[in-house]
There are 2 protein chains.
Amino acid sequence: MAKKALILIADGTEEMEFTITYDTLVRAGVECTSANVQSGGSPYGSVGTSPALVVCSRGVKILPDTTLQPLSAGPDKYDALIIPGGLKGAETLSQSTEVQTLVREYYERNKIVAMICAGTLAAKTAGLPSQPVTSHPVVKNDLASTYDYKEDSVVVSDAVPGKGTLVTSRGPGTVFPFAFKLVELLCGKAKSDEVRVPMMFPRGVDY
Amino acid sequence: MAKKALILIADGTEEMEFTITYDTLVRAGVECTSANVQSGGSPYGSVGTSPALVVCSRGVKILPDTTLQPLSAGPDKYDALIIPGGLKGAETLSQSTEVQTLVREYYERNKIVAMICAGTLAAKTAGLPSQPVTSHPVVKNDLASTYDYKEDSVVVSDAVPGKGTLVTSRGPGTVFPFAFKLVELLCGKAKSDEVRVPMMFPRGVDY
């Protein structure tokens, strides 16, 4: 059965981080659903299903697949929860109590929780335990006192036996290796290699 | 004065190629306008201004900034014309007589004409003269008899003195160096370096 991933998005989400992750997972056969998380506590989040247009960090306008419906967005429905960066978007996502609850549920249920750039702030606001993480340097100081902060492009943490896998990454320049790592974890290394080849990376790029 | 770029988009456009180019140029201060080119000769292309939603090659739904209005899309308004790939989207763009006319106008007026992946087909359908180009390998056979086909990640051609600069590239894996080259040509190498640093590319990536 095809793996499934839920990718959150909000006004101010970094459009390259969102799009590269979504597209690469779809190429691997993962069924992706993007869900709009509205700022201000999303008062209509659990009522309507018609998503509003999102204006991303550099002005690209994306229509998400759905509006976040917490009751149907849990780890019984998806294999991975993905939180992109972009400062304003990551602030909305990490401050949402609904998102914080989902992050804890995916982590408790031994699923993949993946965050990139400022999106890693959601690990802290959700209260995930101390473990190796990375992020965009602009939010390093918010994370370094709580977590074992790394400067690797992609950090995979299985710190607590039986709990989820936390995958974190740094910014637009590390989204491809981040997405390939998610494909590897969900579908295996062979699928990741298969997806990578037709993308035509320059010689010398080793992810 | 800020430089301006017109980026074409259609159903089936490769969303990473579109988004990475748009976002990177905006980070450099280039004013980007995305214009929807509808298939079937775009009968309403020069009437309405309200763009329709585009469904990209892997399902990301993007609302362009405008619908292509050929009379206000010419080289007197923009410094660069950019054509992304994605097989179905590139077919629509390269077969559009309006797009073919724009490609020739930008080229004749010594502007930048940039194509990536299958988007390079538009050089041929517009009748640009023989010169060095690259593309995704999947359309190499359509181009190699007409052009001096290269396998470099980004090819910059100023083959005809006084005519435009043709910039071509290969696929999602080469969009970052393609976008940085466009920034360099429009805004200078220092701006390209400035935009690149906060994106956090892995060590060893040399574009």
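This section reports on the structure supplied with the text. (Residues numbered from 1 in each chain as written. Chains lettered and ligands numbered in written order. Predicted model: local features only at pLDDT ≥ 70, side-chain atom pairs only at ≥ 80, totals over all residues. Heavy atoms only, no water.)

1. Things to note about the overall build of chain A
No. 1: Looking only at helices and strands, one finds seven helices and eleven strands in chain A.
No. 2: The C-alpha atoms of chain A give 16 Å as radius of gyration, which agrees with the globular expectation for 207 residues (17 Å, within 12%).
No. 3: The principal-axis extents of the C-alpha atoms in chain A amount to approximately 50 × 35 × 35 Å.
No. 4: Within chain A, buried positions represent 57% of all 207 residues.
No. 5: Contacts in chain A between residues far apart in sequence, at least 24 positions, make up 64% of those at least 6 positions apart. (Helix = DSSP H or I, 4+ residues; strand = E, 2+ residues; numbered from the N terminus. Rg over C-alpha atoms; globule rule 2.2 N^0.38 Å. Buried < 20%, exposed > 50% of the residue type's maximum accessible area, 1.4 Å probe, protein only. Contact = heavy atoms within 4.5 Å.)

2. Structural notes on the side chain of A:T21
Residues and elements named next belong to chain A.
No. 1: The topology assignment puts T21 in helix α1 (residues 15-27).
No. 2: Here the side chain of T21 touches E17 through a polar contact of 2.7 Å, landing on its backbone oxygen.
No. 3: Not counting residues up to four positions away in its chain, the partners in contact with T21 are I7, I82, V175, F178, A179 and L182. (Polar contact = N/O pair within 3.5 Å; in protein donor to acceptor, adjacent residues only side chain to side chain.)

3. Notes on the nonpolar core
No. 1: Membership of the largest hydrophobic core comes to 68 residues, with the highest contact counts inside it found for A:L25, A:F176, B:L25 and B:F176.
No. 2: Contact partners of B:L25, with chain neighbours within four places excluded, come to B:A5, B:I7, B:V30, B:C32, B:I82, B:L182, B:V183 and B:L186. (Core = buried A, V, L, I, M, F, W, Y, C linked by side-chain atoms within 4.5 Å.)

4. Quick look at the pattern of salt bridges
No. 1: Counted under the stated rule, the structure contains 22 salt bridges over all chains.
No. 2: A salt bridge links A:K140 to A:E151; the nearest nitrogen and oxygen atoms lie 3.0 Å apart. Remark: A:E151 occurs in the loop between β9 (148-149) and β10 (154-157) and A:K140 occurs in helix α5 (residues 140-143); sequence separation between them is eleven residues.
No. 3: For A:E151, a relative accessible area of 46% gives the class partly exposed.
No. 4: As a salt-bridge pair, B:K181 and B:E184 come within 3.5 Å of each other at their nearest N and O atoms. Taken together, the residues B:K181 and B:E184, both in helix α6 (residues 175-187) and three residues apart, mark about one turn of the helix.
No. 5: Judged by relative accessible area, B:E184 falls into the partly exposed class, the value being 26%.
No. 6: Shared partners join several salt bridges into a network, and the residues in it are A:E14, A:R58, B:D23 and B:R27. (Salt bridge = Lys/Arg side-chain N within 4 Å of Asp/Glu carboxyl O.)

5. Here's the deal with the interface of chain B and chain A
No. 1: Contact with chain B, which involves 41 residues of that partner, is made by 41 residues of chain A.
No. 2: Sorting the residues of chain B by area buried against chain A places B:M16, B:R58 and B:M200 first, and these three jointly supply 19% of that buried surface.
No. 3: For the pair chain B and chain A, the number of links is four salt bridges.
No. 4: A salt bridge links B:K61 to A:D65; its shortest N-O distance comes to 2.6 Å.
No. 5: For the interface between chain B and chain A, the tally reads eleven residue pairs in polar contact (both at pLDDT 80 or more).
No. 6: Going through the elements one at a time, α1 (15-27), β4 (61-63) and α6 of chain B are the ones with two or more residues in the side of chain B that touches chain A.
No. 7: Broken down by element, the side of chain B that touches chain A gets its largest block of residues, ten residues, from α1(B).
No. 8: Taken together, the residues of the side of chain B that touches chain A break down into 21 nonpolar, ten polar and ten charged.
No. 9: Relative to β4(B), strand β4 (residues 61-63) of chain A runs antiparallel, the two sharing three bridges. For A:L63, the partnering residue across the bridge sits in β4(B) and is B:K61. (Buried area = accessible area lost by both parts, 1.4 Å probe. Nonpolar A, V, L, I, M, F, W, Y, C, P; charged D, E, K, R; others polar. Pairing = 2+ DSSP bridges.)

6. A word on the relation of the copies chain B and chain A
No. 1: Its rotation angle being 180 degrees, the transformation that places chain B on chain A also includes 0.0 Å of axial translation and leaves an RMSD of 0.0 Å. What we have between these two chains is a two-fold relation. Of every C-alpha in chain B, the one belonging to B:I62 sits nearest the axis of rotation, 2.3 Å from it.
No. 2: Take the interface residues of chain B: 100% of them recur as interface residues in chain A, which is what a same-surface contact looks like. (Least-squares fit on C-alpha atoms with pLDDT ≥ 70 in both.)

7. Structural notes on the environment of A:L121
All names here are of chain A.
No. 1: By the element assignment, L121 lies in helix α4 (residues 121-125).
No. 2: Separated by 117 residues in sequence, L121 and K4 have C-alpha atoms that sit 23 Å apart.
No. 3: When sequence neighbours within four positions are dropped, the list of residues in contact with L121 reads S94, V139, D142 and L143.

8. As for the sheet that holds strand β5 (residues 66-67) of chain B
Within a sheet, neighbouring strands are paired by backbone hydrogen bonds and run either parallel or antiparallel to one another.
Residue and element names in this part refer to chain B.
No. 1: If you trace the seven strands from one edge of the open sheet to the other, you get β5-β2-β1-β6-β7-β11-β10, paired in mixed fashion. The open sheet terminates on both sides in strands that have one partner only, identified here as β5 and β10 (154-157).
No. 2: Taken together, the five bridges between strand β7 (residues 112-116) and strand β11 (residues 165-169) define a ladder with parallel strand orientation. For M115, the partnering residue across the bridge sits in β11 and is T168.
No. 3: Its contacts with the sheet put α1 on β1 (4-9), β2 (31-36), β6 (80-83) and β7, and the angle it makes with β1 is roughly 165 degrees.
No. 4: Docked against the sheet, α6 engages β6, β7, β10 and β11, running at close to 175 degrees with respect to β7. (Axes fitted to C-alpha atoms, helices over the stretch in contact; angles between N-to-C directions.)

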